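Now for the letters of each chain:
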Amino acid sequence: MAEYGDIRTGRHRGFVLHAHLVFVTKFRHRVFTGAHLERMEQIMRDICADFETKPAEFNGEAGHVHLLVNFPPKVALSRLVNSLKGVSSRRVRTEFPELARHYYRANKLWSGSYFAGSVDGAPISVLRQYIERQNRPV
């Protein structure tokens, strides 16, 4: 059960909705460094703010990222994912032109697929620990 501090409220509702999102790079290239992931986290936090979602945790490795978000019921998760992947891809490829050599064929950063899991069975603290323990590149 969620802690009372996690419950968000609206005009006629109370909710605790979390989703664990995983995005994999196109062709599973291992391209991210620590600097890429730091900027990616800031970009994704900005996008989440536009959707009135709260990113609870972010981390990643050289070829993928994990994001734990707390979102309101009015947000369609597929639209949030579409914005997260599209905007982050454009901004990161613009700000880090060295990434372009990995994607000369596809001009896309992310694979077309993604993982989105509702977080209900495992406590949020366990999932946060899992995401924190990712081997972030230096």
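None of these values were measured; they are calculated from a predicted model. (Residues numbered from 1 in each chain as written. Predicted model: local features only at pLDDT ≥ 70, side-chain atom pairs only at ≥ 80, totals over all residues. Heavy atoms only, no water.)

This next bit is on the packing of helix 1 (residues 34–50) against helix 2 (residues 77–95). In contact at an axis separation of 10 Å, helix 1 and helix 2 are set at 140 degrees when each is read in the N-to-C sense. Our classification of the angle between helix 1 and helix 2 gives oblique. Where helix 1 crosses over helix 2, the handedness of that crossing is right-handed. Each of Arg39, Met40, Ile43, Met44, Asp46, Ile47 and Cys48 in helix 1 lies in contact with helix 2, whose residues at this interface are Ser83, Leu84, Val87, Ser88, Arg91, Val92 and Glu95. (Axes fitted to C-alpha atoms, helices over the stretch in contact; angles between N-to-C directions. Helix = DSSP H or I, 4+ residues; strand = E, 2+ residues; numbered from the N terminus. Parallel < 35°, antiparallel > 145°, perpendicular 65-115°, else oblique. Left-handed = near helix turned anticlockwise from the far one by under 90°. Contact = heavy atoms within 4.5 Å.)

Our next topic: the sheet that holds strand 6 (residues 110–118). Read from one edge of the open sheet, 4 strands run 4-5-3-6, paired in antiparallel fashion. Two strands in the sheet have a free side with no partner beyond their single neighbour: strand 4 (54–61) and strand 6. Strand-to-strand twist of the sheet, defined as the mean angle between neighbouring strand axes without regard to direction, takes the value 15 degrees. Pairing analysis gives 6 bridges linking strand 3 (residues 18–25) to strand 6, with the strands arranged antiparallel. (Pairing = 2+ DSSP bridges.)

Quick look at the packing of aromatic side chains now. The description of two aromatic rings rests on the distance between their centres and on the angle between their planes. Using the criterion set out here, one finds 2 aromatic pairs in the structure. An aromatic cluster is built from Phe23, Phe32 and Trp110, whose rings are joined through pairwise contacts. For the cation-ring pair, Lys26 lies above Phe27, with the distance from its terminal atom to the ring centre recorded as 5.7 Å. (Phe/Tyr/Trp six-rings, centres within 6.5 Å; stacked < 30°, edge-to-face > 60°. Lys NZ or Arg CZ within 6 Å of the ring centre and 35° of its normal.)

Time to look at the pattern of salt bridges. Here the idea is simple: oppositely charged side chains can pair when their charged atoms come close. Scanning the model with the defined rule gives 3 salt bridges in all. The salt bridge partner of Lys74 is Glu52, with a shortest N-O separation of 3.0 Å. Of this pair, Lys74 sits in the loop between strand 5 (64–70) and helix 2 while Glu52 sits in the loop between helix 1 and strand 4; the two residues are 22 residues apart in sequence, bridging distant segments of the chain. (Salt bridge = Lys/Arg side-chain N within 4 Å of Asp/Glu carboxyl O.)

Glancing now at the pairing of strand 4. Strand residues, when the strand is regular, have side chains that alternate between the two faces of the sheet. Within strand 4, 6 of the 8 residues are buried, which leaves it mostly tucked inside the rest of the structure. In terms of strand pairing, strand 4 meets strand 5 through 7 bridges, oriented antiparallel. By the bridge assignment, Glu61 is partnered in strand 5 with His64. (Buried < 20%, exposed > 50% of the residue type's maximum accessible area, 1.4 Å probe, protein only.)

What follows concerns the side chain of Glu57. Its place among the elements puts Glu57 in strand 4. In this structure Glu57 is buried but unpaired, with Arg128 as the nearest side chain of opposite charge at 4.4 Å. Contacts of Glu57, omitting those with residues within four sequence positions, involve His66, Leu67, Leu68, Arg128, Ile131 and Glu132. (Lys, Arg positive; Asp, Glu negative; His and termini not counted.)

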